[in-house]
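Each chain is listed here by its residues.
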Amino acid sequence: MAAFGTVFMPEMAISWFDGNSWSAAEVVSSDSLQLHPGAHVLHYSSTCFEGLKAFRHQDGSINIFRMDRNLERFSQSSQLLALPEIDKAATGQMIIDIVSRFKDEVPEPPGSMYIRPTHFGTEPAIGKAATPSVTSCQYILLSPVGDYFAGGDTTLRLLLEENGARCAAHMGMIKSGGNYASALRPIMKAKQELNADQVLFCPGGDVQETGAANFLLIDGNQVITKALDESFLHGVTRDSILTIARDLGMDVQERQLTIDELLERAAKPGCEAALSGTAAVLTPVGTLIHKGKEYPVGNGGIGATTLKLRQALNNIQWGLAEDTHGWLTRI
Ligand SMILES: *Cc1c(COP(=O)(O)O)cnc(C)c1O
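Bear in mind that the values here come from a model prediction, so they are computed numbers and not experimental data. (Residues numbered from 1 in each chain as written. Predicted model: local features only at pLDDT ≥ 70, side-chain atom pairs only at ≥ 80, totals over all residues. Heavy atoms only, no water.)

Caption draft 1: How the structure looks around the UniProt feature "modified residue: N6-(pyridoxal phosphate)lysine" (unreviewed entry) in the chain. Using the residue numbers shown here, the UniProt feature "modified residue: N6-(pyridoxal phosphate)lysine" (unreviewed entry) corresponds to Lys 175. Tracing the backbone through its elements, the reader meets Lys 175 in the loop between β8 (156–161) and α4 (177–194). (UniProt positions renumbered as here; feature names shortened; annotations may be inferred. Helix = DSSP H or I, 4+ residues; strand = E, 2+ residues; numbered from the N terminus.)

Have a look at this one:
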């Protein structure tokens, strides 16, 4: 099966901001894009993106999960990067229209259509290192994806990194390209030297998130995760899982979690940890690596509560459980 995110629908929706207004959305070929080599984004990383999914239900309908949340975050990322403001309603309509155009291509669960809105500064002005781009472009790219867990469920190995940071502290809540480039070297090093799957960034001992997913500790009836602040990405999956956990009567604690508390709790039998994100939903973490030592989380295997929470979320996405929070946009 093709790697996640390497297959694209042949067309995408696109709109350009000329300094005054957004052009009417167009559907264009998705295999190329023409930009001036001096475009602001290529030099000064004025770019942000989103990731959300559309799901096929048994009645044949196509349903987009929590589009309002992703539009809100897309708008916020654009603002914090001093990009032109997006019109959330117009971008939402672009998403609905392009997904509708390719509705026959939306895979059956556990597959889905991954939706990638992208916004970047296009102004050809390499003197604008300290000035925003006046013009920009946004497009909605579609990528059908299969079962993320097709290879069987395994648990992840995470390196706890307390010296480095994923990105600059004030950039954490922006879903912006430069942040991922910033985290690459520490992640590559952890993979090569420790056979780790991901780095869990814990600046100064404060457990934050990995390169592209949020971290949750599940200890009995408690779910513990860092409280929202501007240092990390506010995942829609994180919010959804916490909401479902509260619905199930669990004790959800959004607060600071230190490496010391994490390692102490992880040693208890029955403790679980997981990463949350749109692509992988909720992925079990089996091992934490810290200062050259390895610590299994609970028994190191796949946690039952992790699987239960993931299934509860999937059931809503797939139309197998009632959408009590109004998370789906049916098209
Ligand atoms: C996208 C992302 C997440 C997860 O967000 P979701 O909305 O759940 O997909 C978490 N951390 C980072 C750094 C991300 O880029």
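Caption draft 2: Just the pattern of salt bridges, in detail. Per the counting criterion, the structure on display carries 19 salt bridges. The residue Glu 261 makes a salt bridge to Arg 255 at a minimum N-O spacing of 2.8 Å. Residue classification places Arg 255 among the partly exposed positions, given a relative accessible area of 24%. When salt bridges with common partners are traced through the structure, they connect Asp 219, Arg 255, Glu 261, Arg 265 and Lys 268 into a single cluster. (Salt bridge = Lys/Arg side-chain N within 4 Å of Asp/Glu carboxyl O. Buried < 20%, exposed > 50% of the residue type's maximum accessible area, 1.4 Å probe, protein only.)

Caption draft 3: Expanded view of empty space enclosed by the protein. Across all of its chains, the model carries 1 cavity of 30 Å³ or more by this definition. Roughly 130 Å³ of internal volume is contained in the largest cavity. Lining of the largest cavity is provided by 14 residues; of these, Lys 53, Phe 65, Thr 237, Thr 278 and Gln 317 occupy positions nearest its centre. Put simply, the parts of the chain that give the lining of the largest cavity at least two residues each are β4 (52–56), α5 (236–247) and α7 (304–317). With 3 residues, the top contributor of residues to the lining of the largest cavity is β4. Split by residue class, the lining of the largest cavity holds 6 nonpolar, 6 polar and 2 charged. There are two domains that each give the lining of the largest cavity at least three residues, and those are domain 1 (11–145) and domain 2 (156–317). (1 Å grid on protein atoms, 1.4 Å probe; cavity = no way out; pocket = protein on both sides within 12 Å on 5 of 7 lines; lining within 4 Å. Points joined across faces, edges and corners; volume = space filled by probe spheres on them. Nonpolar A, V, L, I, M, F, W, Y, C, P; charged D, E, K, R; others polar. Domains from an automatic or database assignment.)

Caption draft 4: Structural view of the side chain of Arg 66. Relative to the helices and strands, Arg 66 resides in the loop between β5 (62–65) and α2 (67–80). Judged by relative accessible area, Arg 66 falls into the buried class, the value being 7%. Leave out the neighbours within four places in its chain, and Arg 66 touches Val 236, Asp 239, Ser 240 and Trp 327. (Contact = heavy atoms within 4.5 Å.)

Caption draft 5: Just the site of the ligand, in detail. Around the ligand there are 15 residues in total, and Lys 175, Tyr 180, Glu 209, Thr 237 and Thr 278 lie nearest to it. For the ligand, a nitrogen atom lies 2.6 Å from a polar atom in the side chain of Glu 209. The site holding the ligand turns out to be the largest pocket. (Near = heavy atom within 4 Å. Polar contact = N/O pair within 3.5 Å; in protein donor to acceptor, adjacent residues only side chain to side chain. Sits in = over half its atoms within 2 Å of the grid points.)

Caption draft 6: Spotlight on unusual backbone geometry. Note the cis peptide between Pro 109 and Pro 110, where omega equals 10°. With respect to the helices and strands, Pro 110 occurs in the loop between α3 (88–101) and β6 (112–121). Of note in the backbone geometry, Ser 45 takes a positive phi value of approximately 55° without being a glycine. Assignment of secondary structure puts Ser 45 in the loop between α1 (40–44) and β3 (47–49).

Caption draft 7: Main features of the packing of aromatic side chains. For the coordinates displayed, the defined rule picks out 7 aromatic pairs. Both rings, one in Phe 4 and one in Tyr 148, keep their centres 6.1 Å apart while their planes meet at 75°; by these two values the pair is edge-to-face. Of the two residues, Phe 4 is situated in the segment before β1 (11–17) and Tyr 148 in the loop between β7 (136–145) and β8; the sequence distance between them amounts to 144 residues. With relative accessibility at 38%, the residue Phe 4 sits in the partly exposed group. Classification of Tyr 148 as partly exposed rests on a relative accessible area of 46%. (Phe/Tyr/Trp six-rings, centres within 6.5 Å; stacked < 30°, edge-to-face > 60°.)

Caption draft 8: Geometry of the layout of surface pockets. There is about 1100 Å³ of room inside the largest pocket. As for the largest pocket, its lining consists of 43 residues, of which Tyr 148, Gln 198, Ala 212, Ala 213 and Ala 279 are closest to the centre. Taken together, the elements giving at least two residues each to the lining of the largest pocket come down to β6, α4, α5 and β13 (271–277). It is α4 that contributes the most residues to the lining of the largest pocket, 6 residues altogether. Residue classes in the lining of the largest pocket are distributed as 19 nonpolar, 15 polar and 9 charged. Approximately 240 Å³ is the volume found for the second largest pocket. Along the walls of the second largest pocket sit Arg 69, Glu 72, Arg 73, Gln 76, Met 173, Leu 228, His 234, Gly 235, Val 236, Arg 238, Asp 239 and Glu 254, which together make up its complete lining. Looking at the lining of the second largest pocket, the elements with two or more residues in it are α2 and α5. Looking at the lining of the second largest pocket residue by residue, the classes come out as 3 nonpolar, 3 polar and 6 charged. Composition of the lining of the second largest pocket by domain shows at least three residues from each of domain 1 (11–145) and domain 2 (156–317).

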